[in-house]
Amino acid sequence: AQSVTQLGSHVSVSEGALVLLRCNYSSSVPPYLFWYVQYPNQGLQLLLKYTSAATLVKGINGFEAEFKKSETSFHLTKPSAHMSDAAEYFCAVSEVRDDKIIFGKGTRLHILP
Amino acid sequence: GAVVSQHPSWVICKSGTSVKIECRSLDFQATTMFWYRQFPKQSLMLMATSNEGSKATYEQGVEKDKFLINHASLTLSTLTVTSAHPEDSSFYICSARSPGTPGSNYGYTFGSGTRLTVV
């Protein structure tokens, strides 16, 4: 069964600094991978997704992620953090297109002024 | 873009009563919807997959008699928490497979969630 592991339940970065949120996946077939953001008491918003096309995926709000098969990773990055980026971020995986997706435990991103 | 409306956004109910949560796809047809449960500061746990016109598929450990799912139309799925107890208090989120162009929000759209508090 597929799964994702997010390293670090909390990550703190200074405003303007690089954001790096780590995600490793496990899948028996080429996966579909997603990053979602959740603000308090709200649903999830899709940041970006990997669907076996380009390995470097650009998303909204300046985020991007790179699929590395050899490392089974899909880390999320943003060159310069903004205060508004403070939220919970979830990495997710699906083994079949349009099938159920499984979420990682999430990483809370804190932005320091 | 694809929108999923979830209602109510929050509800407080007495222990022993039942609560129904609605999940509607507003501008597209959703043959499949998913129901998740999220405990405070934790991840989303998939509860069940709801298919229009057929029985829902529940994940292991989820009580199907406790969490009744009905997907009677292509735009509406409901989750009913029956005989609710305080331990059922949680944040429930639905999602739907959404149409669209690859590279956009194609794939899944999430509702805004329902905060259930059982007292």
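The structure we're discussing is the one just above.
1. With respect to the overall build of chain A
- Check the secondary structure of chain A and you find zero helices and eleven strands.
- When the helices and strands of chain A are read in sequence order from the N terminus, they spell out β-β-β-β-β-β-β-β-β-β-β.
- Against the 2.2 N^0.38 benchmark of 13 Å for 113 residues, chain A shows a C-alpha radius of gyration of 13 Å, consistent with a compact globule.
- Burial analysis of chain A (113 residues in total) assigns 45% to the buried set.
- Across chain A, the fraction of contacts at a sequence separation of at least 24, relative to all contacts at a separation of at least 6, is 56%.
- Counting every atom, chain A has about 5,400 Å² of accessible surface; 53% of that belongs to carbon and sulfur.
- Of the side chains in chain A, 10 bear a positive and 9 a negative charge, and the two mean positions are spaced by 2 Å.

2. Thoughts on the packing of aromatic side chains
Residue and element names in this part refer to chain A.
- Considering all chains together, one arrives at 14 aromatic pairs over all chains under this definition.
- Between Tyr25 and Phe67, the ring centres sit 5.7 Å apart and the planes meet at 25°, which makes this aromatic pair stacked. Of this pair, Tyr25 sits in strand 3 (residues 19–26) while Phe67 sits in strand 7 (residues 64–68), placing them 42 residues apart in sequence. Of the two residues, Tyr25 and Phe67, both sit in the buried class.
- For the ring pair Tyr36 and Phe103, a centre distance of 5.8 Å and an interplane angle of 55° mean the geometry is tilted. Separated by 67 residues along the polypeptide, Tyr36 in strand 4 (residues 32–38) and Phe103 in strand 10 (residues 102–103) bring together distant segments of the chain.

3. Remarks on the nonpolar core
- A:Trp35, A:Leu48, A:Phe74, A:Leu76 and A:Tyr89 are the most contacted members of the largest nonpolar core, which totals 26 residues.
- At the level of secondary structure, the elements contributing two or more residues to this core comprise strand 2 (10–14), strand 3, strand 4, strand 5 (44–50), strand 7, strand 8 (73–78), strand 9 (87–94) and strand 11 (107–112) of chain A.
- Within the second largest apolar cluster, 25 residues are counted, among which are B:Val11, B:Ile21, B:Ile69 and B:Leu116.

4. What about the interface of chain A and chain B?
- With 20 residues of chain A at the interface, the matching set in chain B holds 22 residues.
- Of the roughly 1,700 Å² buried where chain A meets chain B, counting both sides, 50% is carbon and sulfur surface.
- Across the contact surface, chain A and chain B share zero salt bridges.
- Inspection of the region where chain A meets chain B yields four residue pairs in polar contact (both at pLDDT 80 or more).

5. Here's the deal with the pairing of strand 9 (residues 90–98) of chain B
Residue and element names in this part refer to chain B.
- Summarising burial for strand 9: eight of the nine residues are buried, a large majority.
- The sheet contact formed by strand 9 and strand 11 (residues 114–118) spans three bridges and is antiparallel. The residue bridging Ser90 from the neighbouring strand is Leu116, located in strand 11.

6. Things to note about the side chain of A:Gln2
- With respect to the element layout, A:Gln2 can be found in the segment before strand 1 (3–7).
- Setting aside chain neighbours within four positions, we find A:Gln2 in contact with A:Ser26, A:Val93, A:Ser94, A:Glu95, A:Lys100 and A:Ile102.

7. Focus: the sheet that holds strand 1 of chain A
Residues and elements named next belong to chain A.
- A sheet is described by the order of its strands in space; here five strands give the open sequence 1-3-8-7-6, paired in antiparallel fashion. Edge strands, defined here as strands with exactly one partner in the open sheet, are strand 1 and strand 6 (56–58). Neighbour-to-neighbour, the strand axes of the sheet open up by a mean angle of 20°, direction not taken into account.
- Bridge count for strand 6 against strand 7 is three bridges, and the pairing is antiparallel. Pairing of Val57 across the sheet is with Ala65, part of strand 7.

8. Quick word on the state of the cysteines
- According to the stated counting rule, one finds two disulfides over all chains in the structure shown.
- A sulfur-sulfur separation of 2.0 Å characterises the disulfide bridge that pairs A:Cys23 with A:Cys91. Its S-S torsion of about -65° marks the bond between A:Cys23 and A:Cys91 as left-handed, since a negative value means left-handed. Placement of A:Cys23 in strand 3 and of A:Cys91 in strand 9 is noted, with a sequence separation of 68 residues between them. With respect to class, A:Cys23 is no different from A:Cys91; both count as buried.
- Here B:Cys23 connects covalently by a disulfide to B:Cys94, the sulfurs 2.0 Å from one another.

Definitions and limits used
- Residues numbered from 1 in each chain as written.
- Chains lettered and ligands numbered in written order.
- Predicted model: local features only at pLDDT ≥ 70, side-chain atom pairs only at ≥ 80, totals over all residues.
- Heavy atoms only, no water.
- Helix = DSSP H or I, 4+ residues; strand = E, 2+ residues; numbered from the N terminus.
- Rg over C-alpha atoms; globule rule 2.2 N^0.38 Å.
- Buried < 20%, exposed > 50% of the residue type's maximum accessible area, 1.4 Å probe, protein only.
- Contact = heavy atoms within 4.5 Å.
- Areas by Shrake-Rupley, 256 points an atom, 1.4 Å probe, with all protein chains shown as cover.
- Lys, Arg positive; Asp, Glu negative; His and termini not counted.
- Charge placed at Lys NZ, Arg CZ, Asp CG, Glu CD.
- Phe/Tyr/Trp six-rings, centres within 6.5 Å; stacked < 30°, edge-to-face > 60°.
- Core = buried A, V, L, I, M, F, W, Y, C linked by side-chain atoms within 4.5 Å.
- Buried area = accessible area lost by both parts, 1.4 Å probe.
- Salt bridge = Lys/Arg side-chain N within 4 Å of Asp/Glu carboxyl O.
- Polar contact = N/O pair within 3.5 Å; in protein donor to acceptor, adjacent residues only side chain to side chain.
- Pairing = 2+ DSSP bridges.
- Axes fitted to C-alpha atoms, helices over the stretch in contact; angles between N-to-C directions.
- Disulfide = S-S within 2.5 Å.

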